[in-house]
Amino acid sequence: PNTSTAFRLSCPEVKVPFPVFFTVGIVSLAENLLVVVAVMRSRNLHSPMYCFMCSLAAFNTIASVTKTWENLMIVLADAGHLERRGPPETDLDDVMDSLLCMSFVGSISSFLAIAVDRYITIFHALRYHNIMTMQRTAAILGLIWTLCAVLAVLMVKFFNFKFIMICFIVFFVVSLAAICFLYVYMFMMARIHAKNIAALPGGGRDKSQHQRRWGSNMRGALTLTILFGAFVVCWAPFFVHLVIITVCPMNPYCECYRSLFELHVVLMMSHALIDPAIYAFRMAELRHTFRKMLFCSDWKFCL
């Protein structure tokens, strides 16, 4: 106990001011809602990849709203404007935690769906529209949202059971490995394919069209790889925090890492802030749609 107290004193909990939470939450909420509305309103974005990206933006929105609302309730309670009633407050906290877990699992699932979609686009281009129909896309999204909601409730309800946390960790690691494998395989095959195209005789129209199509697909894959990298960087500290709570809840050597919890939450919320910026910077179609929506250059987007 004395050792634990010493670690708490040497590693005091790092507090993040509420205005930081609130600003990050509101800005990320606005950005991700912009992505969702853009995909819904623009016919040019009605494709499986953009639907999965819209799903990712929706999960980011849930994370932003959840943590902003939770921190607002804490500030109001500390200021005496909100009465702490006990069980109802605990139930509300469980709901918030469930939504946060749902956002985490949903983001990974959306990235996995996007990775599979890009793989089919690049390596089964001729059959892509037969494989990835909008009906199948809707079914996949429905399955993702249903499973994420169920898993989130189970994780929060049975959080104290180590089996649930082990399943959570396994899901994260397996999904991470599968996504990394798909992207590494795509880029390795891209290099081989580029060499094969360069080795073809002549410089005909078919060759140049094939090069442009392949280059466009690979640029899309690179953009999604950047998105996935941002997700790992922003969510990994929070995930490690959950693992530490399970593995060494009473170990004083874990105290210093746990003291940074609020920084991990801000970093996690920042992921929702970063994603739309990557969309706007890397994807011309979305950037064009954003411009029309923000400046009302097309009256349809202003209604």
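What you are looking at is a predicted structure, and each value in this text was computed from that prediction instead of being measured.

**Points about the overall build of the protein chain**
When its secondary structure is counted, the protein chain shows 11 helices and 0 strands. Walking the protein chain from its N terminus toward its C terminus, one meets helices and strands in the order α-α-α-α-α-α-α-α-α-α-α. Within the span of the protein chain, comprising 303 residues, buried residues form 42% of the whole. When contacts within the protein chain are restricted to residue pairs at least 6 apart in sequence, long-range pairs at least 24 apart make up 81% of them.

**So, the environment of Tyr 128**
Mapped onto the secondary structure, Tyr 128 falls in helix α5 (residues 128–131). As for Tyr 128 and Asp 117, which are separated by 11 residues in sequence, their C-alpha atoms are 8.8 Å apart. Leaving out residues up to four positions away in the same chain, Tyr 128 has contacts with Pro 48, Met 49, Asp 117, Ile 120 and Thr 121.

**Notes on helix α11 (residues 284–295)**
Along an α-helix, a turn takes 3.6 residues, which lines up residues three or four apart on a common side. Compared with the 16 Å implied by 1.5 Å per residue over 12 residues, the 16 Å span of α11 between its first and last C-alpha is a close match. Buried within α11 we find Leu 286, Thr 289, Phe 290, Lys 292 and Met 293. In a view along the axis of α11, the buried residues occupy a sector of 165 degrees, so they form one face of it. Residues of α11 that are exposed and point over 90 degrees away from its buried face: Leu 294 and Phe 295.

**Description of the nonpolar core**
Counting residues in hydrophobic clusters, the biggest one holds 67 residues, and the most contacted among them are Tyr 50, Met 53, Phe 104, Phe 168, Phe 231, Tyr 279 and Leu 286. Among the elements that take part in this core, helix α4 (residues 87–123) stands out by supplying 12 residues, more than any other. Tyr 50 has contacts with Val 39, Leu 45, Met 283, Glu 285 and Leu 286, leaving out every residue within four places of it along the chain.

**A word on the pattern of salt bridges**
Under the counting rule described, the total for this entry stands at 2 salt bridges. The partner of Glu 262 in a salt bridge is Lys 15, with the nearest N and O atoms 3.6 Å apart. Of this pair, Glu 262 sits in helix α10 (residues 261–282) while Lys 15 is found in the loop between α1 (2–10) and α2 (18–41), placing the two residues 247 residues apart along the sequence. On the accessibility criterion, Lys 15 (57% relative accessible area) is exposed. We note a salt bridge from Asp 117 to Arg 118, for which the minimum N-O separation is 3.3 Å. Since its relative accessible area comes to 0%, Asp 117 is described here as buried. Judged by relative accessible area, which is 8%, Arg 118 ranks as buried.

**With respect to the packing of α2 against α11**
Between α2 and α11, the least distance of the axes is 10 Å, while the angle of their chain directions is 100 degrees. By the criterion of interaxial angle, the relationship of α2 to α11 is roughly perpendicular. Note on element contacts: α11 touches α2 through Leu 286, Thr 289, Phe 290, Met 293 and Leu 294, opposite Leu 34, Val 35, Val 37 and Ala 38. The residue makeup of the contact of α2 with α11, split by class, is 8 nonpolar, 1 polar and no charged.

**Considerations on the UniProt feature "transmembrane region" (unreviewed entry) in the protein chain**
Those residues carrying the UniProt feature "transmembrane region" (unreviewed entry) are residues 20–40, 47–66, 95–116, 137–157, 163–185, 221–245 and 265–284 in this numbering. Counting secondary structure, residues 221–245 comes out at 100% helix and 0% strand; the distance between its end C-alpha atoms is 35 Å.

**A short note on the side chain of His 264**
Looking at the secondary structure, you find His 264 in helix α10. Judged by relative accessible area, His 264 falls into the buried class, the value being 7%. In contact with His 264, not counting residues within four places along its chain, are Cys 234, Pro 237, Phe 238, His 241 and Tyr 257.

**A word on the packing of aromatic side chains**
Evaluation of the coordinates by the stated rule reveals 11 aromatic pairs. By way of ring pairs, the aromatic residues Phe 104, Phe 111, Phe 172, Phe 228, Phe 231, Trp 235 and Phe 239 are connected into one cluster.

**Brief notes about the packing of helix α3 (residues 48–78) against helix α6 (residues 134–157)**
Two elements in contact, α3 and α6, have axes separated by 10 Å at closest approach and are oriented at 20 degrees. One element, α3, and the other, α6, form an angle in the roughly parallel class. In this structure, the crossing between α3 and α6 has a hand that is right-handed. Contacts from Pro 48, Cys 51, Phe 52, Ser 55, Ala 58, Phe 59 and Ile 62 in α3 reach Met 134, Thr 137, Ile 140, Leu 141, Ile 144, Trp 145 and Cys 148 in α6. In terms of residue class, the contact of α3 with α6 is built from 12 nonpolar, 2 polar and no charged.

Criteria and cut-off values
Residues numbered from 1 in each chain as written. Predicted model: local features only at pLDDT ≥ 70, side-chain atom pairs only at ≥ 80, totals over all residues. Heavy atoms only, no water. Helix = DSSP H or I, 4+ residues; strand = E, 2+ residues; numbered from the N terminus. Buried < 20%, exposed > 50% of the residue type's maximum accessible area, 1.4 Å probe, protein only. Contact = heavy atoms within 4.5 Å. Expected span 1.5 Å × (residues − 1). Arc of directions from axis to C-beta. Core = buried A, V, L, I, M, F, W, Y, C linked by side-chain atoms within 4.5 Å. Salt bridge = Lys/Arg side-chain N within 4 Å of Asp/Glu carboxyl O. Axes fitted to C-alpha atoms, helices over the stretch in contact; angles between N-to-C directions. Parallel < 35°, antiparallel > 145°, perpendicular 65-115°, else oblique. Nonpolar A, V, L, I, M, F, W, Y, C, P; charged D, E, K, R; others polar. UniProt positions renumbered as here; feature names shortened; annotations may be inferred. Phe/Tyr/Trp six-rings, centres within 6.5 Å; stacked < 30°, edge-to-face > 60°. Left-handed = near helix turned anticlockwise from the far one by under 90°.

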